Amino acid sequence: MTHIIKVCMGSSCFARGNAKNLQIIQNFIEQHGLDAQVELTGLRCCGSCSAGPNIYIDDEAFHNLDQGSVLDILEHKFNV
Ligand code: FES
């Protein structure tokens, strides 16, 4: 099954953590050999800046993410 990860790259989310979170996601995909299972895309501002940084995985929204919570979510989602 392919998982679709969308990272908000709007200026607020980007500045508040998604620049770093994107790197963490890319590293996680590479480290665990998940290239074939993940489609990673960026989004423009999705209108929820105050809840950001925002990431969507298979259209489930995750808010207020930092590096630790991003890793927790990915490990849970991919069972690694
Ligand atoms: S910049 Fe991400 S919701 Fe606005």
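Sequence order sets the numbering: in each chain, residues are counted from 1 along the sequence as written. Given that this is a predicted model, residues contribute local features only at a pLDDT of at least 70 and side-chain atom pairs are listed and counted only at 80 or more, while totals for whole chains, interfaces and linings are drawn from all residues.

*Asks:* Talk me through the nonpolar core; I want residue IDs and the actual numbers.
*Replies:* Each nonpolar core reported here comprises buried Ala, Val, Leu, Ile, Met, Phe, Trp, Tyr and Cys residues connected via C-beta atoms within 7 Å. Every C-beta atom is placed from the backbone, and the number of other C-beta atoms within 10 Å of a residue's own sets its class: buried at 20 or more, exposed at 12 or fewer, partly exposed in between. Within the largest apolar cluster, 10 residues are counted, these being Ile5, Val7, Cys8, Cys13, Leu22, Ile25, Ile55, Leu65, Val70 and Leu74. Helix and strand assignments follow DSSP, with helices taken as H or I runs no shorter than four residues and strands as E runs no shorter than two, numbered in order from the N terminus. Listed by contribution, the elements that provide at least two residues to this core are strand E1 (3–8), helix H1 (11–31) and helix H2 (67–78). Contact between two residues is assigned when their C-beta atoms, built from the backbone, lie within 7 Å. Non-local contacts of Cys13, meaning those with residues more than four positions away in its chain, are made with Cys8, Asn18, Cys49, Gly52, Pro53 and Asn54.

*Asks:* How would you explain the environment of Ile55 if you had to name every residue and give the values?
*Replies:* In this structure, Ile55 sits in strand E3 (residues 55–57). Residue classification places Ile55 among the buried positions, given that 25 C-beta atoms sit within 10 Å. Here the alpha-carbon distance between Ile55 and Val7, two residues 48 residues apart in the chain, equals 4.7 Å. Discounting residues that sit within four places of it in the chain, Ile55 has contacts with Ile5, Lys6, Val7, Cys8, Asn21, Phe62 and Leu65.

*Asks:* For the pairing of E1, give the residues involved together with the corresponding values.
*Replies:* It is a general feature of regular strands that their side chains alternate between the two faces of the sheet. For two strands to be treated as a pair, DSSP must find at least two bridges joining them. The sheet contact formed by E1 and strand E2 (residues 38–43) spans 6 bridges and is parallel. Its bridge partner lying in E2, Val7 is registered against Gly42. Think of it like this: strands point away, you trace from the first strand over the helix to the second, and a clockwise trace means the crossover is right-handed. In terms of handedness, the path from E1 via H1 over to E2 forms a crossover that is right-handed. Here 3 bridges tie E1 to E3, and the two strands are oriented antiparallel to one another.

*Asks:* Go over the packing of H1 against H2, please, and point to the residues and values.
*Replies:* Running from amino to carboxyl end, H1 crosses H2 at an angle of 35°, the nearest separation of the two axes being 10 Å. Seen from above, H1 lies across H2 with right-handed handedness. Residues Lys20, Asn21, Ile24, Ile25 and Phe28 of H1 lie in contact with H2, whose contacting residues are Gln67, Val70, Leu71 and Leu74. Under the scheme applied here, ten amino acids are nonpolar (Ala, Val, Leu, Ile, Met, Phe, Trp, Tyr, Cys and Pro), four are charged (Asp, Glu, Lys and Arg), and all others, including Gly, are polar. Split by residue class, the contact of H1 with H2 holds 6 nonpolar, 2 polar and 1 charged. Simply put, an axis is a line fit to the C-alpha atoms, just over the touching stretch for a helix, and the angle between two N-to-C directions goes from 0 to 180 degrees. Helix crossings get a hand from a simple test, with the near helix turned counterclockwise from the far one by less than a right angle marking a left-handed crossing and a clockwise turn marking a right-handed one.

*Asks:* Please provide a residue-by-residue account of the environment of Leu22, values included.
*Replies:* With respect to the secondary-structure elements, Leu22 resides in helix H1. Separated by 18 residues in the primary sequence, Leu22 and Leu40 place their C-alpha atoms 9.3 Å from one another.

Read these as layout, nothing more, since geometry by itself doesn't imply function.
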